[in-house]
Amino acid sequence: MSIVTPIKTAYTGLKANKLRSILTTLGIIIGVGTVISMVSIIDGMNRYVYSVLGDLGTRTVYVQKWEWIIMGGSQTKMRKLWREVERRKGFTLEDAEAIKKLSVVENVAPFQPIIAGKLKYRSNSVDCSNIVGTDREYIYITGYEIQRGRNFTDQDITRSRRVVILGSYISKNLFGDKNPLGKRISFRGHKFTVIGVLKEKGEFMGNNLDDMMLIPVTTALKYYYNPRIRPYRVWYSFRILVKFRDDVPLKKGLEILEELIRIRRGLRFDQNNDFALNTSEMLLSAYRKLTSGIFIAMIGIASLALIVGGIGIMNIMLVSVTERTREIGIRMAVGAKRRDILYQFLFESIFLTSLGGIIGVLLGFSIAKIVDVTTPLPASMPVWSVLLGLGFSSLVGLFFGIYPANKASKMDPIEALRYE
Amino acid sequence: MSLIETRDLVKIYRLDGVEVPALRGISLKIDIGEYVSIMGPSGSGKSTLMHILGCLDRPTSGKYYLDGLDISELDEDRLAEIRREKIGFVFQNFNLLPRITNIENVELPMTYAGVPSKERRKRAMALLERVGLSHRAFHRPTEISGGEAQRVAIARALANDPAIILADEPTGNLDTRTGREIMNLFEELNSEGRTVIVVTHDPEVSAKTKRIIRIRDGMLEK
């Protein structure tokens, strides 16, 4: 007997019970739908995060007072940790100068974040979220490009000039299509001359990367930095961006950098670091840890749904076998072997669950698409997740279909023929 | 050699530890081209005998030779093959599958025999033509009368061109006139050279056959 016949037979059996078949596969549909939608969302996020963090360069080091990823535990413990961070000695421009002298280093940029505020030009105003005091090296490290105008000069820095480079979003909001270069804008009581505009960079996890303005680090320290304001002692503390030369392994570079900073801070060999060397690699690994946690939880939920769905399938197949006892008898009488009966019912349950799998894939894909459209989370459907969904659903059909199909094939033809 | 030969067939059922003999030593011979009825009251063992002759069951002891093959030695798969190649069943309640069309019912034995679908369809159509029901080919068994259903069942029994037609009370669910038509059909099949065995308790039915084997209490009546 060919492979097509039992499939056709199974299909006929299911067609006769359309509603029941669909209801039975609901568990499978939900299970597969969950996997597909979650995988799509996580995969989309992964691609996004990797592409943007990759852009930023995993070889960029942020030298600063606090670790990006502080795994604290309880709230009181976290608060204690942050108080400790607050008491740490801050970094300075001199530290940046010293790091610049290391041979392993390609670029170094000071980085002084300023608390956000309103920018004004005549009657126009815009809120700027990312205000950074830095120098000309900053854009080389972060991958921004100057679209028009110029970068900072050494004199801008040494003379603490009030000049500013605007992100494209800020420039558009203040000046529209007009040329912003040479215009004077005001920020918290001081006037700045626009010397450059950055090329558009887009969005990252709902953050507008073009909502940004750069001023000379010395200007930032002179006019805005105030250690009596708490954020400047912690979140907005001074940091140094370091990019190693391409031929230097990250690990090696970090070792040399760490050694230099420990010496500059006068740490003894038995004292722990009171500073952090943050890399986007660390963010990536934390992100990986997080998504793998979600992944495991998702696999748990999905397998639960698949098991429940599988038990539903087994139940309905047992009912079906009993209902069709006579049919089994007839088929045996006209020459069906036990194996033929086994395959018929096995194919029927695999057919059911695969159908559920296909609907589940479509459902999951729709959910992912909806999430993609309505939220900042991107979604992409990898082929392997579709294959996995379909593969698993047919496996469930095979596994939970064996018992009922076996029961059907073990029937006594005479008894089966007599069944009313 | 006979088409069918049994020697001392014994069948004992075990019900709740009690042994119930259904057949107590039956020896008979049926030749190719015979038209035979097996007669007996209910409980006589004629159904059991039919099941064994139809290879649906095996005897507890004794021998059954079909076409020279010792059936009592064969495994279940071989029995299924013999059922589909050599035996065509006709039942009292037709036993057609209600969800598929008549022609698909006729194709069923050929499906299990591995006949390609085009060939299957052609042969099934010819058989329905033979029993005068080609116009009902694409109806379902639930949409036709009892007499028609029994004709479809006979067409199905003929599907793999079997040596034996084995009919179990084939007229039991039909009115007298339709029953007669069915018996005429059997007579036609027999006149074409096919061996037909009818199991019945109805003397009017057995009267149509050429030989009557009477069975009572699991033994042949002399």
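Note that the structure is predicted; figures quoted are calculated from it, not measured.

1. Describing the overall build of chain B
Inference 1: Within chain B, the secondary structure is distributed over seven helices and ten strands.
Inference 2: For a compact globule of 222 residues, the expected C-alpha radius of gyration is about 17 Å, and chain B comes in at 17 Å, within 12% of that figure.
Inference 3: Each principal axis of the C-alpha atoms in chain B carries an extent, and together these give about 50 × 40 × 40 Å.
Inference 4: Taking all 222 residues of chain B together, 55% fall into the buried category.
Inference 5: Contacts in chain B between residues far apart in sequence, at least 24 positions, make up 71% of those at least 6 positions apart.
Inference 6: Carbon and sulfur atoms provide 47% of the accessible area of chain B, an area that totals close to 9,800 Å².
Inference 7: Treating the 32 positive side-chain charges of chain B as one cloud and the 33 negative ones as another, the clouds have centres 2 Å apart.

2. Some details on the overall build of chain A
Inference 1: A count of helical and extended segments in chain A gives 15 helices and 14 strands.
Inference 2: For 420 residues, the compact-globule estimate of 2.2 N^0.38 gives 22 Å, and chain A exceeds it by more than 25% at 32 Å.
Inference 3: With the C-alpha coordinates of chain A rotated into their principal frame, the extents come out at 105 × 60 × 45 Å.
Inference 4: By residue count, 47% of the 420 residues in chain A fall in the buried class.
Inference 5: Of the contacts formed within chain A by residues at least 6 apart in sequence, a portion of 79% connects residues at least 24 apart.
Inference 6: In the structure as shown, chain A presents an accessible area of about 20,800 Å², 60% of it carried by carbon and sulfur atoms.

3. Quick word on the pattern of salt bridges
Inference 1: The full count for this structure, using the stated rule, is 42 salt bridges over all chains.
Inference 2: With its nearest N and O atoms 3.6 Å apart, the salt bridge here joins A:Asp135 to A:Lys100. Of the two residues, A:Asp135 is situated in the loop between strand S5 (130–134) and helix H6 (138–142) and A:Lys100 in helix H5 (residues 93–100); the sequence distance between them amounts to 35 residues.
Inference 3: The class for A:Lys100 is partly exposed, based on a relative accessible area of 35%.
Inference 4: For B:Glu5, the salt bridge is made with B:Arg7, and the minimal N-O distance between the two is 3.3 Å.
Inference 5: According to the relative accessible area criterion, B:Glu5 is buried, its value standing at 14%.
Inference 6: When salt bridges that share partners are traced, they join A:Arg324, A:Glu327, A:Arg331 and A:Glu348 into one network.

4. Points about the domain arrangement of chain A
Inference 1: Examined at the domain level, chain A breaks down into domain 1 (4–51 + 286–418) and domain 2 (89–274).
Inference 2: Computed over C-alpha atoms, the centres of domain 1 of chain A and domain 2 of chain A are 55 Å apart.

5. Re the environment of B:Arg58
Residues and elements named next belong to chain B.
Inference 1: Considering the arrangement of structural elements, one finds Arg58 in the loop between helix H1 (46–53) and strand S4 (61–66).
Inference 2: Taking the C-alpha atoms as reference, Arg58 lies 9.5 Å from Leu9; in sequence the two are 49 residues apart.
Inference 3: Non-local contacts of Arg58, meaning those with residues more than four positions away in its chain, are made with Lys11, Ile52, Ile71, Ser72, Leu74, Asp75, Glu76 and Leu79.
Inference 4: Among the polar contacts made by the side chain of Arg58, one reaches the main-chain carbonyl oxygen of Leu74 at a distance of 2.5 Å.

6. Regarding a positive patch on the surface
Residue and element names in this part refer to chain A.
Inference 1: On the surface, Lys77, Arg79, Lys80, Arg83 and Arg87 cluster together into a patch of positive charge.
Inference 2: Tracing the backbone shows Arg79 in helix H4 (residues 75–87).
Inference 3: For Arg79, a relative accessible area of 47% corresponds to the partly exposed category.

7. Digging into the interface of chain A and chain B
Inference 1: In this complex, chain A contributes 25 residues to the contact, which on the side of chain B involves 23 residues.
Inference 2: Per-residue buried area on chain A facing chain B is highest for A:Val334, A:Lys337 and A:Ile414; these three make up 25% of the total on that side.
Inference 3: Where chain A touches chain B, the interface holds three salt bridges.
Inference 4: The partner of B:Asp77 in a salt bridge is A:Arg339, and the shortest N-O contact between them spans 3.0 Å.

8. Quick look at the pairing of strand S13 (residues 239–244) of chain A
Residue and element names in this part refer to chain A.
Inference 1: Along S13, five of the six residues are buried, which leaves the element largely enclosed by surrounding structure.
Inference 2: Bridge count between strand S2 (residues 105–114) and S13: six bridges; the pairing is antiparallel. In the sheet register, Val105 faces S13, and the bridge partner there is Phe244.

9. What to know about the nonpolar core
Inference 1: Within the largest apolar cluster, 55 residues are counted, with the highest numbers of intra-cluster contacts made by B:Ile4, B:Leu49, B:Tyr64 and B:Leu66.
Inference 2: Discounting residues that sit within four places of it in the chain, B:Leu66 has contacts with B:Leu3, B:Ile4, B:Cys55, B:Ile71, B:Ile82, B:Lys86, B:Ile87 and B:Ile164.
Inference 3: Counting residues in each nonpolar core, the second largest holds 38 residues, with A:Ile139, A:Leu198, A:Val217 and A:Leu260 among its members.

10. Comments concerning a nonpolar patch on the surface
Residue and element names in this part refer to chain A.
Inference 1: Together, Trp384, Leu388, Phe392, Leu395, Leu398 and Ile402 make up an exposed nonpolar region whose accessible area comes to about 550 Å².
Inference 2: Along the chain, Leu388 turns up in helix H14 (residues 383–409).
Inference 3: Using a relative accessible area of 39% as the deciding quantity, one classes Leu388 as partly exposed.

11. Section: the side chain of B:Thr48
Residues and elements named next belong to chain B.
Inference 1: By the element assignment, Thr48 lies in helix H1.
Inference 2: For Thr48, a relative accessible area of 8% puts it in the buried group.
Inference 3: Sequence-distant contacts of Thr48, that is, excluding residues within four places in its chain, are made with Lys11, Tyr13, Ala22 and Leu23.

12. Some points on the confidence of the model for chain A
Inference 1: On average, chain A scores 88 in pLDDT, and the residues at 70 or more come to 95%.
Inference 2: The least confident element of chain A is helix H1 (residues 4–15) of chain A, whose mean pLDDT is 70; the most confident is strand S7 (residues 163–166) of chain A, at 96.

13. Remarks on the sheet that holds strand S2 (residues 18–30) of chain B
Residues and elements named next belong to chain B.
Inference 1: Sheet architecture is open: four strands sit in the order S2-S1-S4-S5, paired in antiparallel fashion. Among the strands making up the open sheet, the edge pair consists of S2 and strand S5 (69–70).
Inference 2: Bridge count for strand S1 (residues 4–15) against S2 is ten bridges, and the pairing is antiparallel. Of the residues in S2, the one forming a bridge with Ile4 is Ile30.
Inference 3: Set on the sheet, H1 makes contact with S1, S2 and S4; between it and S1 the angle comes to about 120°.

Cut-offs and rules
Residues numbered from 1 in each chain as written. Chains lettered and ligands numbered in written order. Predicted model: local features only at pLDDT ≥ 70, side-chain atom pairs only at ≥ 80, totals over all residues. Heavy atoms only, no water. Helix = DSSP H or I, 4+ residues; strand = E, 2+ residues; numbered from the N terminus. Rg over C-alpha atoms; globule rule 2.2 N^0.38 Å. Buried < 20%, exposed > 50% of the residue type's maximum accessible area, 1.4 Å probe, protein only. Contact = heavy atoms within 4.5 Å. Areas by Shrake-Rupley, 256 points an atom, 1.4 Å probe, with all protein chains shown as cover. Lys, Arg positive; Asp, Glu negative; His and termini not counted. Charge placed at Lys NZ, Arg CZ, Asp CG, Glu CD. Salt bridge = Lys/Arg side-chain N within 4 Å of Asp/Glu carboxyl O. Domains from an automatic or database assignment. Polar contact = N/O pair within 3.5 Å; in protein donor to acceptor, adjacent residues only side chain to side chain. Patch = residues over 30% accessible without salt bridge, like charges linked within 9 Å, V, L, I, M, F, W, Y side chains within 5 Å. Buried area = accessible area lost by both parts, 1.4 Å probe. Pairing = 2+ DSSP bridges. Core = buried A, V, L, I, M, F, W, Y, C linked by side-chain atoms within 4.5 Å. pLDDT = per-residue confidence, 0-100. Axes fitted to C-alpha atoms, helices over the stretch in contact; angles between N-to-C directions.

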